[in-house]
Every structure is written in C-alpha cells, then in structure tokens.
Amino acid sequence: MSTTAIPAGTKWWSGGKSPFNASYGKVMMWYFLMSDAFTFGAFLISYGTIRFSVNHWADPNHVFNAFPFAGHANLPLAFVSLMTFILIFSSVTMVLAVHEGHKMNRKGVEKYMILTIIGGLAFLGCQAWEWTHLITGDHAVLVNGQIEHWGTTVSKNPWGPEVMFNGQEVATPGPIAFGGYFFGITGFHGFHVFSGVIINIVMYIKTKLGHFDERGHYEMIEKAGLYWHFVDLVWVFVFLCFYLI
Amino acid sequence: MSQHTISPEITFAPEHASGTKKIWKTFWILSIITIIELGLGLAIYNIHKGEHPNAMLVLFFKGVVCILTIAKAYYIVSIFMHLGDEVRNMIMTIVVPLCLFIWFIIAFLWDGNSWKNMRNTNGGSRPAQTEQVAPAHVEKGAKE
C-alpha cells in the first residue's frame, strides 16, 4: 500500500529518531497483537495436544452441518464458510477505511467504518446462532445402557464413537474436552470481535466528530484496523483447527 | 499526496498508494484460497464417508489446508496490516519471536501423541492394539 523512500545507509540506531519509523502507539499495538497471538496459539495448541491424545474425536462435518432455516439438511462447512466470508469482507472494508484515512477523506472513512461495524455484528449474530444451535441441539446418546438426549455443552459431548444398541447405531459420550475447547476458543475469539466492534464504533464517533481532522491524521483508524485484521487472522486459524481438520 | 505529520517519531513519511487495486487483489486471493480450502474440506468429508477411508490422503489434504492457511495469514499481515511496508527492523521484531511457534507446535503435538500411546498401552505395560477401539465410521445423516 505505502512505500517509504528511505535513503540507503540510514543510521536507525544513532538516536534522535524511532528506529522503526513508526509512532509509539502503533509499535505497541503490534506488540500487543503479538502477545495476543501467543495467547490464541497456546489455546489452539493445547486443543491440538488433547485431540492428539485421545482415540476418538468428533468429526467437525457432523457437528457443524446446520444452516439457519435449512431445517435438518446436512450442509457441512456451509455456515462456517458464510462466517469466514463475512469476516474477510469486513477486513476489506476496514482496510478501505484506513485507505480513505490516508487520503484525509472523512466521508469515506465514515462509510467504510459503518460497513466494518455491520460486518462485525453480522459475524457475532452468526456465532450466537451457532452456539444456540449446538447447546440446544438434541442428540441421542447411550449413557450407562440408557438413551439420553444431549446438546453440546462444556460438560456434555454427544459426538463419541458409535455402538450398536437395540439394532440401532447410537453415539456414546465423547471426550468432554470438545465442548470446553470449542466454546472456550470461539468464545475468546468472539469476545475479541465484540471488543473490536466497540472500538470501531468509538472510532466512527470520533471520525464523525471531526477529532481526526483536527489532529491532522487518521492514525487511530490504522491502529483500530490492526486490531480488526488481527481478529480476522485469528479466525483463519480457528476455522482451520475446528472446522477443516 | 500531502504530507501529514503523524508524529515526530516518523522520520520518513510514507507515501500511500492512491488506488485500491492491491486491496481488492488481496481480497480475491484470500477468497480463492478459502474456496480451495472448503473444497479440500469437503473432499476430506467424502473420503471419510467412503467404505475404506484413505488415511494418507486425508493427512495429505489436511497438510495442504494448513499450508494454505499460512498463505492466508501472510497476505492478511503483509497487505491488510501493512507490515510489509514497515521498516525491516520492525518486521523482524514481530516475525522472529513468532518462530517460537515452530517448537511450540511440534513439542506439544508430540506430547499429545505420546499420551495416546501411554493410554492405549497402560503406560507401556501392555502391547498396543493394532486396531483402535473407535468403530467403523458410520454416516449418521443429519441430526438424530
């Protein structure tokens, strides 16, 4: 996007200037995001460790195969791809807002911030639907020789190996960690999306009030944008770890 | 392009691109990679549905999906987050620490696999079963 004409042989560390040619706020936002990447990484790797350590794990194509208003149709990957595209698209509108900010175009920033906020809210709505669907789901599970009906929660996993019972295939309880990891990690990500939406709303209001025009630059939009893209980046990995593999 | 003094810390003001071509190009790259990933996900689903799932093929597809995800991460960080436009010192302070993940992933997945072997052999006191207890994969259709 931007090119910086930097003279060759610039002595970055000779003092008197930022060796990173960036403002304090932006550098610190990057370091915060790096530490946040380690937090998410630790969660996902812990999930991977547990998944490697058990003999049976729920097949994501069976667990996540529903779509709103599609009834009981078997649509693996459909809903989560919708969520993924919503987030990619809101990332594009965010980067367009940053672009308009570089051009000092207040109207443009406002328009793209609104679109980004809508994208974030749409994603949160999708996640709320998915959670509700999983928690209130009704699956026959063979527990101690009796059929019980379970949803997917942090304490119940109806997606275990299947056995024959009264001439029917019926699932047994699966590793309890499944719900904890799924709701924990997507919840932590969802909370990041939620706080990203709040930050974007604040940025929208500040743009609307002309604060950035007074300041002479739209760097705050860039910093909010960094956070928002990070949320999208994390989703790329959550999508990989929970839905694809 | 007028020069805006963002802060005194910025010695060399960046010159921002005037068009949005690169942004849309990145959007299309990300979308196409995602569609390929979904295609591979569905392929894995169909292999699992089959009579004799080919474990090696599934593993191969999963590896491809992982590599595609890393490509997506590169495009998001480099283009959308503009890290590719920062000075090299800055890029290195972000990217080099993330190399810890290489050790992190290998070590912990190895550990998980070791737990599984212990679980299946009572800590090594009995030989591992050749077939795991998980019964044949049965297509359950939609919801019960």
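Coordinates for the structure precede this section.
The structure presented is a predicted model; accordingly, all values stated were derived computationally and were not measured.

S.K.: Mind laying out the overall build of chain B, listing which residues take part and the relevant values?
M.R.: Helix and strand content of chain B: four helices and one strand. Scanning chain B from its N terminus toward the C terminus, one meets helices and strands in the order β-α-α-α-α. The proportion of buried residues among the 144 residues of chain B is 31%. Taking as baseline every contact in chain B between residues at least 6 positions apart, the subset at least 24 positions apart corresponds to 49%. Roughly 8900 Å² of accessible area belongs to chain B as shown, and the carbon and sulfur atoms make up 67% of that amount.

S.K.: Account for helix α4 (residues 100–120) of chain B, naming residues and giving values.
M.R.: When the terminal C-alpha atoms of α4 of chain B are compared, their 31 Å separation across 21 residues agrees well with the 30 Å that a helix rising 1.5 Å per residue should span. On the buried face of α4 of chain B, the contacting elements are α1 (24–53) of chain A together with α3 (88–98) of chain B. N122 of chain B sits one or two positions beyond α4 of chain B and adopts a positive phi of about 50°.

S.K.: So what's going on with a nonpolar patch on the surface? Which residues, and what values?
M.R.: There is a patch of nonpolar side chains on the surface, built from F89 of chain A together with W24, W28, I32 and I36 of chain B and spanning about 510 Å² of accessible area. For the nonpolar patch, the element with the most residues is helix α1 (residues 21–49) of chain B, which contributes four residues. Note on placement: I36 of chain B falls in helix α1.

S.K.: Summarise empty space enclosed by the protein; cite the residues concerned and give the values.
M.R.: Residues and elements named next belong to chain A. Under the defined criterion, the tally for this structure stands at three cavities of 30 Å³ or more. Roughly 90 Å³ of volume is contained in the second largest cavity. Around the second largest cavity sit 13 residues that line it, and F64, N65, A66, F79 and E130 are the ones nearest its centre. Taken together, the elements giving at least two residues each to the lining of the second largest cavity come down to α3 (78–102) and α4 (106–136). Here the lining of the second largest cavity gets four residues from one element, more than from any other, and that element is α4. For the lining of the second largest cavity, the per-class residue count stands at 10 nonpolar, two polar and one charged.

S.K.: Describe in detail the pattern of salt bridges, supporting the description with residues and values.
M.R.: All names here are of chain A. Summed over all chains, the structure comprises eight salt bridges over all chains. In this structure, the salt-bridge partner of R106 is E110, at a minimum N-O distance of 3.1 Å. Of the two residues, R106 and E110 are both situated in helix α4; the distance of four residues between them amounts to about one turn of the helix. Looking at E110, the relative accessible area reads 6%, which means it is buried. Across the pair E110 and K107 runs a salt bridge, and its minimum N-O distance is 3.7 Å. Taken as a pair, E110 and K107 lie in helix α4 at a separation of three residues, close to a single helical turn. In this structure, a network of salt bridges that share partners links the residues R106, K107, E110, K208 and D213.

S.K.: How would you explain the interface of chain A and chain B if you had to name every residue and give the values?
M.R.: Taken together, the contact pairs 83 residues of chain A with 77 residues of chain B. Surface buried jointly by chain A and chain B totals about 7600 Å² across both partners, of which 70% is contributed by carbon and sulfur atoms. At the boundary of chain A and chain B, one finds one salt bridge. Where E86 of chain B meets K26 of chain A, a salt bridge forms, and the shortest distance between an N and an O atom there is 3.5 Å. Only β1 (2–3), α1, α2 (60–63), α3, β2 (139–143) and α7 (219–244) of chain A provide two or more residues apiece to the side of chain A that touches chain B. It is α1 of chain A that provides the largest number of residues to the side of chain A that touches chain B, a total of 18 residues. Classifying every residue of the side of chain A that touches chain B by side-chain character gives 45 nonpolar, 28 polar and 10 charged.

S.K.: Help me get a handle on the nonpolar core, residues and values and all.
M.R.: Grouped together as the largest cluster of nonpolar side chains are 91 residues, with contacts concentrated most on M113, I221, F230, W235, F242 and Y243 of chain A. Mapped onto this core, the elements with two or more residues apiece are α1, α3, α4, α5 (177–208) and α7 of chain A together with α1, α2 (55–80) and α3 of chain B. With 18 residues, the top contributor of residues to this core is α7 of chain A. Apart from the residues within four sequence positions on either side, M113 of chain A is in contact with M94, A97, N200, M203, Y204 and I221 of chain A.

S.K.: Please set out the packing of aromatic side chains residue by residue, giving values where relevant.
M.R.: All names here are of chain A. Under the defined criterion, the tally for this structure stands at 34 aromatic pairs over all chains. Measuring from centroid to centroid gives 5.6 Å for F182 and F242, while their planes differ by 80°, and the two rings are edge-to-face. Taken together, the positions of F182 in helix α5 and F242 in helix α7 put the pair 60 residues apart, joining distant regions of the chain. Between the aromatic rings of F212 and Y218, the centroid separation amounts to 5.5 Å while the plane-to-plane angle is 55°, which identifies the pairing as tilted. For the residue pair F212 and Y218, the accessibility class agrees, reading buried in each case.

S.K.: Any chance you could break down the packing of α4 of chain A against α5 of chain A for me, citing the residues and the numbers?
M.R.: Residue and element names in this part refer to chain A. Between α4 and α5, the shortest axis-to-axis distance is 9 Å and the interhelical angle comes to 155°. When the axis of α4 is compared with that of α5, the two are roughly antiparallel. Two packed elements cross with a definite hand, and for α4 against α5 that hand is left-handed. Classifying every residue of the contact of α4 with α5 by side-chain character gives 18 nonpolar, nine polar and four charged.

S.K.: Lay out unusual backbone geometry with the relevant residues and their values.
M.R.: Glycine aside, a negative phi is what most residues show, and trans is what most peptide bonds show. All names here are of chain A. Of note, M104 is a non-glycine position whose phi angle comes to about 60°, a positive value. Assignment of secondary structure puts M104 in the loop between α3 and α4. Judged by relative accessible area, which is 24%, M104 ranks as partly exposed. In this model, N144 sits at a positive phi of 50°, which is unusual for a non-glycine residue. Tracing the backbone through its elements, the reader meets N144 in the loop between β2 and β3 (146–150). On the basis of relative accessible area, N144 is assigned to the exposed category, the value being 79%.

What counts, and at which threshold
- Residues numbered from 1 in each chain as written.
- Chains lettered and ligands numbered in written order.
- Predicted model: local features only at pLDDT ≥ 70, side-chain atom pairs only at ≥ 80, totals over all residues.
- Heavy atoms only, no water.
- Helix = DSSP H or I, 4+ residues; strand = E, 2+ residues; numbered from the N terminus.
- Buried < 20%, exposed > 50% of the residue type's maximum accessible area, 1.4 Å probe, protein only.
- Contact = heavy atoms within 4.5 Å.
- Areas by Shrake-Rupley, 256 points an atom, 1.4 Å probe, with all protein chains shown as cover.
- Expected span 1.5 Å × (residues − 1).
- Patch = residues over 30% accessible without salt bridge, like charges linked within 9 Å, V, L, I, M, F, W, Y side chains within 5 Å.
- Salt bridge = Lys/Arg side-chain N within 4 Å of Asp/Glu carboxyl O.
- 1 Å grid on protein atoms, 1.4 Å probe; cavity = no way out; pocket = protein on both sides within 12 Å on 5 of 7 lines; lining within 4 Å.
- Points joined across faces, edges and corners; volume = space filled by probe spheres on them.
- Nonpolar A, V, L, I, M, F, W, Y, C, P; charged D, E, K, R; others polar.
- Buried area = accessible area lost by both parts, 1.4 Å probe.
- Core = buried A, V, L, I, M, F, W, Y, C linked by side-chain atoms within 4.5 Å.
- Phe/Tyr/Trp six-rings, centres within 6.5 Å; stacked < 30°, edge-to-face > 60°.
- Axes fitted to C-alpha atoms, helices over the stretch in contact; angles between N-to-C directions.
- Parallel < 35°, antiparallel > 145°, perpendicular 65-115°, else oblique.
- Left-handed = near helix turned anticlockwise from the far one by under 90°.

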